[in-house]
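Inside the fold
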Amino acid sequence: MTPEPQRRLIVFTGSGISADSGLDTFRTSGGESLWAQYDPEVVCNFDCWEENFELVHEFYSRRREELAHVAPNKAHFLTVDWEKRYNAELITQNVDDLFERAGARYVMHVHGFLSAMRCVSCGAQWLFGYRRFDPATDRCPKCGRMESVKPNVVFFNEPAPRYAQMWKSLESLTEDDVLVAIGTSGLVLPIGQIARRCPATTILSNLESAETPRDEDFDHVIHGRAAEIAPQLDALVTEIMER
Ligand SMILES: [Zn+2]
């Protein structure tokens, strides 16, 4: 019989973990990337997305196509393994479905989900898969409108409805618990500040090879690409969780 786990484990992830799968991301994009071909202030901006409707959908159609051609890596599988072993809570800023494809039961996507749509008129949300949005045929399944169909991704200037739930989870951690951050730059959500205030044991998987100022905010830091350091990260988390 396995005893009921005493410690909670929250795994907070950002774009770096998916960059290791070859997924092009905003913060890591190079010259030829998809992100370099579109202005995020235009295609990811809630204030003007309706004016740029076709461009917004073209960009997100291309992102879904890109997502269809990548696969989860060792770091995704590791977090899913922690979910099984320790009932870990997976919170991600990523909009891709790589945790789900690695077998995750539940992932809190605080910035939305790329392969889903939302109707800003009636509030309906539905899974859309990896295909292109087609203005000729795609409609909201509930109200039938087309012009109110938006990728179910949180844009700039748009409220993030899951933030309240995320803060509640993070703020409920105690000194017995563990917080692991993987592949997050801290630019959107201040993970360093969160870790500094958090009474739990905090671990940063820092994808940069050199030390960064936010390293000081964590109890443990492991440098290197997420997929490559997965065994080392697993050993550390296992040691603390089973202490
Ligand atoms: Zn609708």
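Scroll up a little and you will see the structure.
These remarks concern the structure in this document. (Residues numbered from 1 in each chain as written. Predicted model: local features only at pLDDT ≥ 70, side-chain atom pairs only at ≥ 80, totals over all residues. Heavy atoms only, no water.)

**Description of the sheet that holds strand S4 (residues 112-119)**
Overall, antiparallel pairing links the three strands, which are arranged S5-S4-S6 in an open sheet. Edge positions in the open sheet fall to strand S5 (125-127) and strand S6 (149-153), since each of these has one partner strand only. For this sheet, the mean angle separating the axes of adjacent strands, direction not counted, is 40°. When S4 meets S5, the two strands line up antiparallel, connected through three bridges. Note on S5: the bridge partner recorded for methionine 117 is tryptophan 126. (Pairing = 2+ DSSP bridges. Helix = DSSP H or I, 4+ residues; strand = E, 2+ residues; numbered from the N terminus. Axes fitted to C-alpha atoms, helices over the stretch in contact; angles between N-to-C directions.)

**Points about the coordination of the zinc ion**
Listed as protein donors to the zinc ion are Cys119 (SG), Cys122 (SG), Cys140 (SG) and Cys143 (SG); their distances from the metal cover 2.3 Å. Note that the zinc ion binds four donor atoms; their angles at the metal cover 101 to 119°, and the shape is tetrahedral. Every donor residue of the zinc ion comes from the same chain, spaced as C-x2-C-x17-C-x2-C. Separated by 21 residues along the polypeptide, cysteine 122 in the loop between S4 and S5 and cysteine 143 in the loop between S5 and S6 bring together distant segments of the chain. Residue cysteine 122 is classed as partly exposed on the basis of its relative accessible area, which comes to 26%. Judged by relative accessible area, cysteine 143 falls into the partly exposed class, the value being 31%. (Donors = N, O, S within 2.8 Å, 3.2 Å for Na, K, Ca; no water. Tetrahedral: all angles 85-135°; square planar, octahedral: opposite > 155°, others 65-115°. Buried < 20%, exposed > 50% of the residue type's maximum accessible area, 1.4 Å probe, protein only.)

**Here we look at the nonpolar core**
Ranked by internal contacts, the top residues of the largest apolar core, which has 27 residues, are Leu9, Trp82, Val180, Ile182, Ile203 and Leu233. At the level of secondary structure, the elements contributing two or more residues to this core comprise strand S1 (9-13), helix H5 (74-86), strand S7 (178-182) and helix H9 (226-241). Tallying contributions element by element places H9 first for this core, with eight residues. Beyond its immediate stretch of four places on either side in the chain, isoleucine 203 contacts Val178, Leu179, Val180, Ala181, Phe218, His220, Leu233, Leu236, Val237 and Ile240. One finds Cys44, Val95, Ala124 and Val149 within the second-largest nonpolar core, a separate group that totals 26 residues. (Core = buried A, V, L, I, M, F, W, Y, C linked by side-chain atoms within 4.5 Å. Contact = heavy atoms within 4.5 Å.)

Take it as geometry only, folks, not as evidence of what the structure does.
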